[in-house]
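# Architecture and fold: a report
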Amino acid sequence: MSAPRPETWIRKSSAGLYCEPGDFHIDPVRPVPRAVITHGHGDHARSGNEQVLATPDTIAIMQERYGEAAGASLQPLAYGETVTAGDVTVRLAPAGHVLGSAQIVLEYRGSRVVVSGDYKRRPDPTCAPFDPCTCDVFITEATFGLPVFRHPPDAREIDKLLHSLALFPERSHLVGVYALGKCQRVLALLRQAGYKEPVYLHGALIKLTELYEILGVRLGPVLPLSGVAREALKGRIVLAPPSAIADIWSRRLPDPVVAMASGWMRVRQRAKARGVELPLVISDHADWDELTATIDEVAAEEIWVTHGREEALVHHATKQGYRARALTLAGFEEDE
Ligand SMILES: [Zn+2]
Ligand SMILES: [Zn+2]
């Protein structure tokens, strides 16, 4: 018997991607009875599902964020282990995006579909590296799915920050970072670059950073920003969520150099619009080269593209001889 066409058993529903023979959704946008979650970002891991299957680290992140609402029944599945749901085998493979992030590897009657979730290919000291899995259908994100997006080496971006700090010892350096992943990665990269001073954290970043430490990711000394005297922040690095940057709040800092760590900082107008003086192109998503190399590596006949700039990647994959199509799923943010 030949393998069933993938679109007959995995498809879009109003709640997101649905695997019919397994009767579960992947990263559903509204509560469902059974959810498999790729990673802890808010547009992928939502609260209120009944059963949740995810890596142990993703479950810990969801519990930290949602408490009881993380799900009525939480089932951790380590990378590489398998469970079955109906006639479907489910395995999680590292996605290299944030701590706990996973690709969902599904097998049904001899055909294999990989749902990448969000991913990147370059090394990240805070999470396991992306593990390419050969498959029949690869469902890829495309957040930075345009040839213009080529992320520079992250060590170079961190050097820019340290260089500015050396140049302006009287100024604080305020870096916009998302609370899950980017904050901890910037800390780890600073430590890799040899920076040993304490880094000050906005209150919204503390819980998840502590959780990373509990889960075994060493990030060096951090201190809460609240209650620290203005003077004490001269020549210091302060991390804060992007939403706090433009705040009156930031004016409490001594003459801050405003920086932001994001793949979007590649776009000059975006940095300008956010009042960012020192853009740092540090992304947790694959850039164009990583996306196209990954498509070749997993050797899938068919590529489904979602989550971002779908057309350019579909066009590229089609030109390379793959069957490719856009899988426009609602509810995902242009995150980072
Ligand atoms: Zn994400
Ligand atoms: Zn995402």
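Residues numbered from 1 in each chain as written. Chains lettered and ligands numbered in written order. Predicted model: local features only at pLDDT ≥ 70, side-chain atom pairs only at ≥ 80, totals over all residues. Heavy atoms only, no water.

## Comments concerning the overall build of the chain
- A tally of regular secondary structure across the chain gives eight helices and 19 strands.
- Over its C-alpha atoms the chain spans a radius of gyration of 20 Å, differing by no more than 12% from the 20 Å that the globule rule assigns to 336 residues.
- Oriented by its inertia axes, the alpha-carbon framework of the chain measures out at about 70 × 45 × 30 Å.
- Residue burial in the chain is summarised as follows: out of 336 residues, 54% are buried.
- The long-range fraction of contacts in the chain, counting pairs at least 24 apart against all pairs at least 6 apart in sequence, stands at 61%.
- For the chain, the computed accessible surface area is about 14,000 Å², with 52% contributed by carbon and sulfur atoms.
- Side chains of the chain give 37 positive and 42 negative charges; the mean places of these two sets differ by 5 Å. (Helix = DSSP H or I, 4+ residues; strand = E, 2+ residues; numbered from the N terminus. Rg over C-alpha atoms; globule rule 2.2 N^0.38 Å. Buried < 20%, exposed > 50% of the residue type's maximum accessible area, 1.4 Å probe, protein only. Contact = heavy atoms within 4.5 Å. Areas by Shrake-Rupley, 256 points an atom, 1.4 Å probe, with all protein chains shown as cover. Lys, Arg positive; Asp, Glu negative; His and termini not counted. Charge placed at Lys NZ, Arg CZ, Asp CG, Glu CD.)

## Regarding helix α3 (residues 182-192)
- The element α3 is extensively covered by neighbouring structure, given that ten of its eleven residues are classed as buried.
- All of the buried residues in α3 are Lys182, Cys183, Gln184, Arg185, Val186, Leu187, Ala188, Leu189, Leu190 and Arg191.
- Just downstream of α3 lies Gly194, where phi reads positive at about 95 degrees.

## Quick look at the coordination of the zinc ion (ligand 1)
- Looking at the zinc ion (ligand 1), the protein donor atoms are His39 (NE2), His41 (ND1), His97 (NE2) and Asp118 (OD), and they sit 2.2 Å from it.
- One way to put it: the four donor atoms around the zinc ion (ligand 1) meet at angles of 90 to 167 degrees, and that makes the site irregular.
- In the primary structure, the donors to the zinc ion (ligand 1) are separated according to the pattern H-x1-H-x55-H-x20-D.
- Between the zinc ion (ligand 1) and the zinc ion (ligand 2) the interatomic distance comes to 3.5 Å, and Asp118 is a ligand of both metals. Of the two residues, His39 is situated in the loop between β4 (34-36) and β5 (51-54) and Asp118 in the loop between β10 (111-115) and β11 (137-142); the sequence distance between them amounts to 79 residues. (Donors = N, O, S within 2.8 Å, 3.2 Å for Na, K, Ca; no water. Tetrahedral: all angles 85-135°; square planar, octahedral: opposite > 155°, others 65-115°.)

## Some points on the packing of helix α7 (residues 288-298) against helix α8 (residues 310-319)
- Close contact between α7 and α8 brings their axes to 11 Å; oriented N to C, the two are set at 40 degrees. In terms of their interaxial angle, α7 and α8 are classed as oblique. The element α7 and its partner α8 pack so that their crossing is right-handed. Facing Trp288, Leu291, Thr292 and Ile295 of α7, the residues of α8 in contact are Ala312, Leu313 and His316. (Axes fitted to C-alpha atoms, helices over the stretch in contact; angles between N-to-C directions. Parallel < 35°, antiparallel > 145°, perpendicular 65-115°, else oblique. Left-handed = near helix turned anticlockwise from the far one by under 90°.)

## What to know about the sheet that holds strand β1 (residues 10-13)
- What the six strands build is an open sheet, ordered β1-β2-β3-β4-β5-β6; its pairing is mixed. Edge positions in the sheet fall to β1 and β6 (73-76), since each of these pairs with one other strand and no more. Going across the sheet, the axis of each strand differs from the next one's by a mean of 30 degrees, ignoring polarity.
- Summarising the sheet, β5 and β6 pair through four bridges and their orientation is parallel. Each residue of the ladder has a partner; that of Val52, found in β6, is Leu74.
- This element, helix α1 (residues 56-66), spans β5 and β6 of the sheet and lies at about 150 degrees to β6. (Pairing = 2+ DSSP bridges.)

## A few points about the packing of aromatic side chains
- Under the defined criterion, the tally for this structure stands at six aromatic pairs.
- Considering the side-chain rings of Tyr119 and Phe138, the 6.0 Å spacing of their centres and the 65 degrees angle between planes classify their relative orientation as edge-to-face. Taken as a pair, Tyr119 in the loop between β10 and β11 and Phe138 in strand β11 lie far apart in primary sequence, 19 residues in all. For the pair Tyr119 and Phe138, a shared accessibility class is recorded, and that class is buried.
- Between Phe149 and Trp264, the aromatic rings sit 5.5 Å apart at their centres with planes inclined by 85 degrees, giving edge-to-face as the arrangement. With Phe149 in the loop between β11 and α2 (154-167) and Trp264 in the loop between β16 (257-261) and α6 (268-273), this pair connects stretches of sequence that are 115 residues apart.
- By relative accessible area, Phe149 is classed as buried at 5%. (Phe/Tyr/Trp six-rings, centres within 6.5 Å; stacked < 30°, edge-to-face > 60°.)

## Details of the pattern of salt bridges
- One pass over the structure, following the stated rule, counts 24 salt bridges.
- Here Arg109 ties to Asp87 by a salt bridge, and the two come within 4.0 Å at their closest N and O atoms. Of this pair, Arg109 sits in the loop between β9 (102-108) and β10 while Asp87 sits in the loop between β7 (82-85) and β8 (88-94), and the two are 22 residues apart along the sequence.
- According to the relative accessible area criterion, Asp87 is exposed, its value standing at 52%.
- For the salt bridge of Arg218 with Glu213, the shortest nitrogen-to-oxygen distance reads 3.2 Å.
- Overall, the relative accessible area of 60% leaves Arg218 in the exposed class.
- Several salt bridges converge on common partners, so that one network encompasses Arg5, Glu7, Glu301, Glu302 and Arg323. (Salt bridge = Lys/Arg side-chain N within 4 Å of Asp/Glu carboxyl O.)

## With respect to the layout of surface pockets
- By volume, the second largest pocket amounts to about 190 Å³.
- Around the second largest pocket sit 13 residues that line it, and Arg34, Gln51, Leu53, Gln75 and Ala85 are the ones nearest its centre.
- Among the secondary structure elements, those contributing two or more residues to the lining of the second largest pocket are β4, β5, β6 and β7.
- Of the residues contributing to the lining of the second largest pocket, the split by class is eight nonpolar, four polar and one charged. (1 Å grid on protein atoms, 1.4 Å probe; cavity = no way out; pocket = protein on both sides within 12 Å on 5 of 7 lines; lining within 4 Å. Points joined across faces, edges and corners; volume = space filled by probe spheres on them. Nonpolar A, V, L, I, M, F, W, Y, C, P; charged D, E, K, R; others polar.)

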